[in-house]
Amino acid sequence: NNAWSEAEFGILGAIDKIGMTATSLIWGRVLQHCDSKWLLAGGLLVNVAATSLFGELRNKTSMYCTKFFLGATQSLQGVWATVWAVTMAPPQSVTMWLRPWGGAGG
């Protein structure tokens, strides 16, 4: 059944944020132990593939899973960017450098 209820559309719209939240703690730990350049490149490739795949899907469960993985890969980028800004920003400018990432979640 391809008919969507309003609640199902709401879940589809929110599930990437759930993926971002659920995986953010994991990515922080993984980034401490892995080469961030390769991890980010892999995450970006998975994000591109999932985005391309999402446009072709018609099955609700597949769409939910794909959106979750989109959020998970975006979380990797967000966690890395936040740590990079805190590490690289001059102490008096940290807040200003973090501002672009504040709206990244939505």
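In the block above lies the structure referred to throughout.
S.K.: Hey, could you run me through the overall build of the protein in this one?
M.R.: When you go through the protein residue by residue, the secondary structure sums to four helices and zero strands. Counted from the first residue to the last, the protein has its helices and strands arranged as α-α-α-α. Taken along its principal axes, the extent of the C-alpha atoms in the protein is 55 × 25 × 20 Å. For the protein, the share of sequence-separated contacts (at least 6 apart) that also reach a separation of at least 24 residues comes to 68%. Here the protein has roughly 7,100 Å² of accessible surface; of this, 68% comes from carbon and sulfur atoms. Put simply, the protein has 7 plus and 5 minus side-chain charges, and the middle of one group is 8 Å from the middle of the other.

S.K.: When you look at the nonpolar core in this model, what are you seeing that I'm missing?
M.R.: Side chains that are nonpolar tend, in soluble globular proteins, to be buried together. With six residues, the main nonpolar core is built from W27, L31, L39, L40, L76 and V79. For this core, the elements supplying multiple residues, two or more each, are α1 (6–33), α2 (36–54) and α3 (60–88). Residue contacts for L40: discarding those within four places in its chain leaves L76, Q77 and W80.

S.K.: Looking at this model, I keep getting lost on a nonpolar patch on the surface. Mind explaining?
M.R.: Taken together, W80, W84 and M88 make up a surface patch of nonpolar side chains, about 310 Å² in accessible area. For W80, a relative accessible area of 31% gives the class partly exposed.

S.K.: Would you mind showing me how to read α2 here?
M.R.: Spacing of three or four residues puts side chains on the same side of an α-helix, whose turn is 3.6 residues. Its 19 residues give α2 an end-to-end C-alpha distance of 26 Å, which sits within 8% of 27 Å, the value for a rise of 1.5 Å per residue. Taken together, the buried positions of α2 are L39, L40, G43, N47 and A50. Down the axis of α2, the smallest arc covering the buried residues is 95°, so these residues share one side. α2 presents K37, W38 and L45 as exposed residues on the side facing more than 90 degrees away from its buried surface. Where α2 is buried, its residues touch α1 and α3.

S.K.: Please clarify how the environment of L12 should be interpreted in this entry.
M.R.: Assignment of secondary structure puts L12 in helix α1. Under the relative-accessibility criterion, L12 is labelled buried at 10%. When the C-alpha atoms of L12 and C65 are compared, they prove to be 9.5 Å apart, with 53 residues separating the residues in sequence.

S.K.: Explanation requested: α1 in the structure shown.
M.R.: Relative to the 40 Å expected for 28 residues at 1.5 Å per residue, α1 spans 42 Å between its end C-alpha atoms, a close match to the ideal helical length. At S24, α1 is bent by approximately 45°, the largest bend along its length. All of the buried residues in α1 are L12, I15, D16, G19, M20, T23, W27 and L31.

S.K.: I'm lost on the packing of α2 against α3 in this one. Help?
M.R.: Between two packed helices, both the angle of their axes relative to each other and the distance between the axes serve to describe the pair. Interaxial distance between α2 and α3 falls to 9 Å at its minimum, and their mutual angle equals 150°. With respect to α3, the element α2 is oriented roughly antiparallel. Relative to α3, α2 is oriented so that their crossing is left-handed. Taken together, the residues of α3 that come into contact with α2 (itself represented by S36, L39, L40, G43, L44, V46, N47, A50, T51, L53 and F54) are M63, T66, K67, L70, T73, Q74, L76, Q77 and W80. Tallied by class, residues from the contact of α2 with α3 come to 11 nonpolar, eight polar and one charged.

Basis of the calculations
- Residues numbered from 1 in each chain as written.
- Predicted model: local features only at pLDDT ≥ 70, side-chain atom pairs only at ≥ 80, totals over all residues.
- Heavy atoms only, no water.
- Helix = DSSP H or I, 4+ residues; strand = E, 2+ residues; numbered from the N terminus.
- Contact = heavy atoms within 4.5 Å.
- Areas by Shrake-Rupley, 256 points an atom, 1.4 Å probe, with all protein chains shown as cover.
- Lys, Arg positive; Asp, Glu negative; His and termini not counted.
- Charge placed at Lys NZ, Arg CZ, Asp CG, Glu CD.
- Core = buried A, V, L, I, M, F, W, Y, C linked by side-chain atoms within 4.5 Å.
- Buried < 20%, exposed > 50% of the residue type's maximum accessible area, 1.4 Å probe, protein only.
- Patch = residues over 30% accessible without salt bridge, like charges linked within 9 Å, V, L, I, M, F, W, Y side chains within 5 Å.
- Salt bridge = Lys/Arg side-chain N within 4 Å of Asp/Glu carboxyl O.
- Expected span 1.5 Å × (residues − 1).
- Arc of directions from axis to C-beta.
- Bend = angle between axes of the 7 residues up to and from the residue.
- Axes fitted to C-alpha atoms, helices over the stretch in contact; angles between N-to-C directions.
- Parallel < 35°, antiparallel > 145°, perpendicular 65-115°, else oblique.
- Left-handed = near helix turned anticlockwise from the far one by under 90°.
- Nonpolar A, V, L, I, M, F, W, Y, C, P; charged D, E, K, R; others polar.

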